[in-house]
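Remarks on the overall topology
Listed below are the residues making up each chain.
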Amino acid sequence: MRVHANRDSALVLAAQASKAVPKITTIPELKGIHMEADARLAMLTMTATNQEVSIRASMPAAVEESGSAVIPADLLPDILKRLPGDQVSFSTVGPGIIHIGSGYAEYRLNILDAAKYPLPEVPFLEDTIPVSGICSLARQTLFAAAAGDQQNILKTVRLKVGPYGLKATSSNGFCIAEAAGDKNCVAASETCILVPARSLSILAAISLDSDVYQMGLTREGLAFWNGTTMFCTHLIDGSYPDTDGLLDRIQGAYSASIEAAELYAAVDAVTSLASADKDSSGRGEIMFGEHEMVVSAETSDGRASVPVKALILSPSPYPFYYDFKQLMRYLKQLRGRITLEFDQNGLLAIRPGETRYLQSPMRAPKQAAGGKAA
């Protein structure tokens with residue numbers, strides 16, 4: 001293999017592909033990035049996969065000799081970043097050796113046999129839908145998906161495509177986040193798919209909101225193609241909880257209008273007290289005043305309270321308690337004035353613009369202290 005390419009463009013490809021390299025694997029080749037130079041197409045392609053997600057990115061290049069190699073993923077982006085020249089050359093110079101040069105700098109790296117790399121199948125997309133705004137959609141939903149390595153239904157984001165456009169929903173069992181995506185991404189009939197949350201996170205990490213992908217189902221899962229980058233992910237089988245029913249049925253008994261930034265700042269201020277207490281459950285209190293809401297948190301170290309000016313539309317006579325860290329992840333995204341709605345039991349709904357959010361209340365401190373679990 002002998003190929004010459006723009007260094008900055010090659011760095012972008014390497015950085016994109018490295019997002020799909022598994023942190024832990026028993027297959028040595030998967031720890032690298034598969035690089036292929038094609039003289040006929042005058043293209044340089046980099047591919048990586050963790051066998052759940054695969055990224056294949058290409059760029060024009062001057063290819064003197066076709067070939068392929070697997071270069072260590074923990075070295076390639078860093079080397080490209082440090083090279084001094086505008087152009088970079090990749091040349092295999094012997095069995096298991098590649099030369100990387102740019103300007104006055106050069107590297108010789110050990111490489112693995114490209115023939116042993118489990119290249120993912122490149123899907124042929126027949127029916128596709130254009131979609132953009134991936135980063136915003138991910139930001140508005142990923143925070144509410146369940147965490148952890150083992151995959152299950154609550155560690156997915158449900159994508160729904162229909163005549164209304166694209167919608168995404170996530171839930172960890174304690175809160176629900178729904179966001180409207182690209183309204184031009186429409187289908188004649190509704191289709192629901194469950195995308196692993198970590199897969200959507202990787203796609204957002206290599207994308208801009210302005211990027212337009214052709215999205216389509218394949219035999220293996222779901223693919224996104226923008227002309228130079230192919231992103232593929234497996235889907236999850238199963239039945240998603242009826243989050244739509246919960247979001248639609250909640251009836252607000254109490255409500256207040258408040259500035260999102262001011263509420264976030266107040267919650268952030270009192271949460272700092274709970275964060276310092278290792279035994280804290282993260283519980284915070286919201287109490288209605290005459291022309292304000294009082295946000296509080298209490299631990300063994302003391303109590304913090306911050307009043308926030310609010311238009312109290314229908315006050316609750318008693319406080320409600322929530323996981324403030326969970327609430328902050330949503331409030332951080334909001335701008336302007338929002339309305340908080342609470343049902344009789346404290347179920348909290350916030351529904352500004354194109355998003356909807358629902359969070360379950362926590363037990364009051366005295367009730368929690370009396371239980372065996374506490």
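Please read all numbers here as calculations on a predicted model, not as lab measurements.

With that settled, the discussion passes to the overall build of the protein chain. Summing up its helical and strand segments, the protein chain has eight helices and 26 strands in all. Dimensions of the protein chain, computed from C-alpha atoms along their principal axes, come out at roughly 75 × 50 × 40 Å. Evaluated residue by residue, the protein chain yields a buried proportion of 49% over its 374 residues. Carbon together with sulfur atoms contributes 51% to the accessible area of the protein chain, which is approximately 18,400 Å² in total. Measuring between centres, the 34 positive side-chain charges of the protein chain sit 4 Å from its 40 negative side-chain charges.

As a further point, take the sheet that holds strand β5 (residues 62-65). Taken in spatial order, the five strands line up as β5-β1-β7-β8-β9 in an open sheet, and their pairing is antiparallel. Each end of this open sheet is capped by a strand with a single partner; those strands are β5 and β9 (105-110). The average undirected angle you get between the axes of adjacent strands in this sheet is 15°. The sheet contact formed by strand β8 (residues 97-102) and β9 spans six bridges and is antiparallel.

Before going further, it helps to spend a moment on unusual backbone geometry. In this structure, A42 is a non-glycine residue whose phi angle is positive, near 55°. Tracing the backbone shows A42 in the loop between β2 (32-38) and β3 (43-49). The backbone phi angle of Q51 is positive, close to 70°, even though this residue is not glycine. In this structure Q51 comes out as partly exposed when scored by relative accessible area, which is 48%.

This paragraph deals with the pattern of salt bridges. Side-chain pairing between opposite charges can occur once the charged atoms of the two side chains come close. Within this structure, the stated rule accounts for 16 salt bridges. Between K160 and E190 there is a salt bridge, and its shortest N-O distance comes to 3.7 Å. Placement of K160 in strand β11 (residues 156-162) and of E190 in the loop between β13 (175-180) and β14 (191-196) is noted, with a sequence separation of 30 residues between them. Residue classification places K160 among the buried residues on the basis of a relative accessible area of 12%.

To continue, consider the side chain of S257. One can find S257 in strand β18 (residues 254-259). If near-sequence neighbours (up to four positions away) are discounted, S257 is found in contact with A310, L311, L313, R337, I338 and T339.

Now for the pairing of strand β15 (residues 213-217). The sheet contact formed by strand β10 (residues 129-131) and β15 spans three bridges and is antiparallel. Bridge assignment links V131 to a residue of β15, and that residue is Y213. Pairing between β15 and strand β16 (residues 221-225): four bridges, direction antiparallel. Residue pairing across strands places L217 opposite L222, the latter belonging to β16. With antiparallel pairing between neighbouring strands as the criterion, β15 and β16 make up a hairpin whose turn holds three residues.

Within the largest apolar cluster, 67 residues are counted, with the highest numbers of intra-cluster contacts made by L44, M46, L76 and F90. When residues of this core are sorted by domain, at least three fall in each of domain 1 (1-114) and domain 2 (127-242). If we skip the residues at most four places from it in the chain, L44 touches V3, A5, L13, M35, E36, A37, A57, S58, M59, A61 and F90. Judged by nonpolar contacts, the second largest core, of 36 residues, contains L263, F324, M328 and Y357.

Under the local residue numbering, the UniProt record ascribes the feature "domain: DNA polymerase III beta sliding clamp N-terminal" (unreviewed entry) to residues 3-119. End-to-end, the C-alpha atoms of residues 3-119 are 21 Å apart, and along that stretch the chain is 16% helix and 48% strand.

Thresholds, definitions, all that
Residues numbered from 1 in each chain as written. Predicted model: local features only at pLDDT ≥ 70, side-chain atom pairs only at ≥ 80, totals over all residues. Heavy atoms only, no water. Helix = DSSP H or I, 4+ residues; strand = E, 2+ residues; numbered from the N terminus. Buried < 20%, exposed > 50% of the residue type's maximum accessible area, 1.4 Å probe, protein only. Areas by Shrake-Rupley, 256 points an atom, 1.4 Å probe, with all protein chains shown as cover. Lys, Arg positive; Asp, Glu negative; His and termini not counted. Charge placed at Lys NZ, Arg CZ, Asp CG, Glu CD. Pairing = 2+ DSSP bridges. Axes fitted to C-alpha atoms, helices over the stretch in contact; angles between N-to-C directions. Salt bridge = Lys/Arg side-chain N within 4 Å of Asp/Glu carboxyl O. Contact = heavy atoms within 4.5 Å. Core = buried A, V, L, I, M, F, W, Y, C linked by side-chain atoms within 4.5 Å. Domains from an automatic or database assignment. UniProt positions renumbered as here; feature names shortened; annotations may be inferred.

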